[in-house]
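Structural characterization, general
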Amino acid sequence: MHKISFPLMGDYNVPIEFLLKHAFKEEIIMPPPITSKTIELGTKYSPEFVCTPFKYTLGTMLEAIEKGADTLIQMGGGCRYGYYGEVQDQILKDLGYNVTLINLVTKGKVDIRRIVKELKETGIKYSKLKAIYYGFIAIKMVKYMDIIDDYIRENIGFEVKDGSFETLKFKMLNDFRQVKSYLELKKLYRYYLKEIQNVPIRKPDKCLKIGIIGELYTVMEPFSNYFLEKELSQNQIEIKRFTNVHYLLFEKKHKIKKYLKYSKKYIKYQMGADAADNIARTKYLCEAGYDGIIHIKSSFCTPEIGAMPIINKIASEYETPVLFFSFDANTSETGIKTRLEAFYDMLEMRKEK
Amino acid sequence: MTKVGIARGIFYYYYGDIWKNFFDYLKVPYIISPNTNKEIMENGMKYANDEMCLAFKTYLGHVSYLIDKCDYLIIPRIDNYKLDNQTCTNFLSAYDIVKNTFDIKILNYNIALDKHQNLKQGLINIGKQLGFSKEQSKKAYKYAVGLYKKDRARDITINMGKLNSNKTKILLLAHPYNTYDDLIGRDIIKYLNANNIEVIFSDKFDDKITNKLSEKITKDLYFKYSKDNIGALIYAKDKIDGVIFLSAFPCGPDSLTNELVMRKIDIPHINLVLDSNSSFTGIETRLESFIDMLKGGF
């Protein structure tokens, strides 16, 4: 029997595990949660100046292997992320691990025929019908999680009783794991949406509103951004974030044209990964009256590096402050905190004027 | 008459000759920024983001050199030569970055073969912007590409001919904008030549052959220029004594592809990664011991 595992990102391990558990007739190994050990391990075996998600995902893979995994799944695209798989596979093999790495996205597209062929070669047993049905449910699950997360992000800083949202969300994810059908999932979603909207909040009229933009992995994996959202919410700040898996999988294709048109004063083309998206979002956040923007990315993320001068220009035209963070394995947490505190102190002062 | 500026960086090393031929034919005056020097590089660093690669920083330095010396800059966007032959994202964003950083008119075209946008249309469009008819531009394009192909074929023959040389042979595996840049590759090539090494350039092979050949080492790679380089290595591997990997810090594609290739080949090699603080003295020591090793034959 094969033991399948995959790199973690945010809470999306729930729908992924759900899908794999149902589609494959194999054992699914959950990697341990990302810790500083993960990134240390990943960094140790990664090329020197690769971007940080490579190190995180390699680190999780190594930890999954420690737990017995022999088959790993990787996916990505839009920049060099799409090429992680082959290099990570080689690194693992050179380390002496006899593992199979299956890359779901190759050359920028999901090549079903190739995936089927690879599954056959490795002898992994799966059910096509179940893969389609539970794939559909997993996608809906992602969508529901993203909707609920958006709501939580806007309000978590203002809950009357600390931890109300987190407790509810924890329960929701646990229930999501157990669902058997789409109808059941939908019912649960409606129930939790209502519960979450009923959480008592005390929101002042003049709270700070901050938009978070940047490179997708760093935005979506809280450990890699040093729990930025949590930090902000503890300071009573409303958070807006655009990037989530549902956006990347289903909305980006349609929205990117609108984004380009919307920001055509500044850019003509897409610039790889989410660079153009983030430029349009900057303009949107400025026009929608957000008090500040935080742009986060991993070190060496080329598309975002290209977007940064343009983001800076737009924000200064609109006089909206932007804070840039470039995270790597050895970023100092105190340094981040200090810069953040200075940033929202400054925003507060601007607001009071 | 309007004057076009050509920045000696990145795109120049792929399309510079075609542009020159094209403008020559149409009798459009143009100016090319000089070879990279310290001043150009430092200027580039002023405009660039800290984390941009050395080659792109230098490119912005060339752009800034040209700003008050021409009416237009030519900056293409190169997206892909079909989906399995894409480029680094700097090739996608250079136009928009320059447009937002400097105040200058830009002649721009996009190469995206997956959307049927090619060089011919691009140059015809540029001709139009400069006031030439479609017919004139078409003729100029034909002339430009014809001449380029001839020159290129000659370069390839010379380069590949070196594979049969009796000297110690080293393949310099690098993007041409690094290889031929005065502050990146030039001193290395000079040093190798002075030490009686036959230097073979990875960018001067027939990409129709090398692109496909790269699949022997990597089946998932989708960066065109990296594939061409890797293919050149596979083509040459039985005839060369060693490989020098040369990249500009922190090159996105190279960070992964060079890592993979170095893990898979069994030819002596060194990896040189240059940034704006690199001194040639440090590199020289490494080159020296590498050459000693190759010539010592162990």
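The shown structure was predicted, so the numbers you read here are calculated from the model rather than taken from an experiment.

What follows concerns the pairing of strand β7 (residues 208–214) of chain A. All names here are of chain A. Most of β7 sits inside the fold, with six of its seven residues counted as buried. Here β7 runs beside strand β8 (residues 237–241); their pairing, made up of five bridges, is parallel. Across the sheet, lysine 209 pairs through a bridge with glutamate 238, a residue of β8. Here β7 runs beside strand β9 (residues 292–298); their pairing, made up of five bridges, is parallel. Among the inter-strand pairings, isoleucine 213 is bridged to a residue of β9, identified as histidine 295.

Our next topic: the pattern of salt bridges. Residue and element names in this part refer to chain A. Within the structure shown, the criterion is met by 33 salt bridges over all chains. Ionic pairing is found between arginine 241 and glutamate 229, a salt bridge with its closest N-O pair at 3.0 Å. Of this pair, arginine 241 sits in strand β8 while glutamate 229 sits in helix α10 (residues 228–233), and the two are 12 residues apart along the sequence. Residues arginine 241 and glutamate 229 agree in their burial class; the two are buried.

This part is about the packing of helix α8 (residues 186–194) of chain B against helix α12 (residues 280–296) of chain B. Residue and element names in this part refer to chain B. Across the interface, α8 lies against α12 with an axial gap of 11 Å and an inter-helix angle of 35 degrees. Helix-helix and strand crossings are classified by hand; for α8 and α12 the assignment is right-handed. On α12, the residues that touch Asp187, Ile188, Tyr191 and Leu192 of α8 are Phe280, Ile283, Glu284, Leu287, Glu288 and Ile291. The residue makeup of the contact of α8 with α12, split by class, is seven nonpolar, no polar and three charged.

Residue-level contacts link 38 residues of chain B with 42 residues of chain A. Applying the counting criterion to the chain B and chain A interface returns three salt bridges. Lysine 297 of chain A is the salt-bridge partner of glutamate 51 of chain B, the closest N and O atoms lying 2.6 Å from each other. Between chain B and chain A we count 22 residue pairs in polar contact (both at pLDDT 80 or more) in total. Among the secondary structure elements, those contributing two or more residues to the side of chain B that touches chain A are α4 (89–101) and α11 (252–264) of chain B. The residue inventory of the side of chain B that touches chain A, partitioned by class, reads 16 nonpolar, 12 polar and 10 charged.

The next point concerns the domain arrangement of chain A. All names here are of chain A. Taken as a whole, chain A is organised into domain 1 (3–126), domain 2 (133–203) and domain 3 (204–353). A straight line from the C-alpha centre of domain 2 to that of domain 3 covers 24 Å. With 13 residues of domain 2 at the contact, the number on the domain 3 side is 15 residues. When domain 2 packs against domain 3, the two sides together hide about 1300 Å² of surface, and 57% of this comes from carbon and sulfur. It is Arg153, Phe158 and Lys203 in domain 2 that bury the most area against domain 3; as a group they hold 43% of the surface buried on that side. Counting across the interface, domain 2 meets domain 3 through three salt bridges. Taking the shortest distance from any N to any O, the salt bridge between glutamate 238 and lysine 203 comes out at 2.9 Å.

The subject of this paragraph is the domain arrangement of chain B. Residue and element names in this part refer to chain B. Each assigned domain of chain B is listed with its residue range as follows: domain 1 (4–151) and domain 2 (165–296). Taken over C-alpha atoms, the centre of domain 1 sits 25 Å from the centre of domain 2. Across the boundary between the two partners, domain 1 contributes 24 residues, which contact 24 residues of domain 2. Roughly 2000 Å² of surface becomes buried between domain 1 and domain 2 when both sides are summed, with 65% attributable to carbon and sulfur atoms. Sorting the residues of domain 1 by area buried against domain 2 places Tyr13, Tyr14 and Leu54 first, and these three jointly supply 31% of that buried surface. Summed over the shared surface of domain 1 and domain 2, the number is zero salt bridges. Between domain 1 and domain 2 we count seven residue pairs in polar contact (both at pLDDT 80 or more) in total. Within the residue set of the side of domain 1 that touches domain 2, elements represented by two or more residues are α1 (12–26), α2 (38–47) and α3 (54–66).

What counts as what
Residues numbered from 1 in each chain as written. Chains lettered and ligands numbered in written order. Predicted model: local features only at pLDDT ≥ 70, side-chain atom pairs only at ≥ 80, totals over all residues. Heavy atoms only, no water. Buried < 20%, exposed > 50% of the residue type's maximum accessible area, 1.4 Å probe, protein only. Helix = DSSP H or I, 4+ residues; strand = E, 2+ residues; numbered from the N terminus. Pairing = 2+ DSSP bridges. Salt bridge = Lys/Arg side-chain N within 4 Å of Asp/Glu carboxyl O. Axes fitted to C-alpha atoms, helices over the stretch in contact; angles between N-to-C directions. Left-handed = near helix turned anticlockwise from the far one by under 90°. Contact = heavy atoms within 4.5 Å. Nonpolar A, V, L, I, M, F, W, Y, C, P; charged D, E, K, R; others polar. Polar contact = N/O pair within 3.5 Å; in protein donor to acceptor, adjacent residues only side chain to side chain. Domains from an automatic or database assignment. Buried area = accessible area lost by both parts, 1.4 Å probe.

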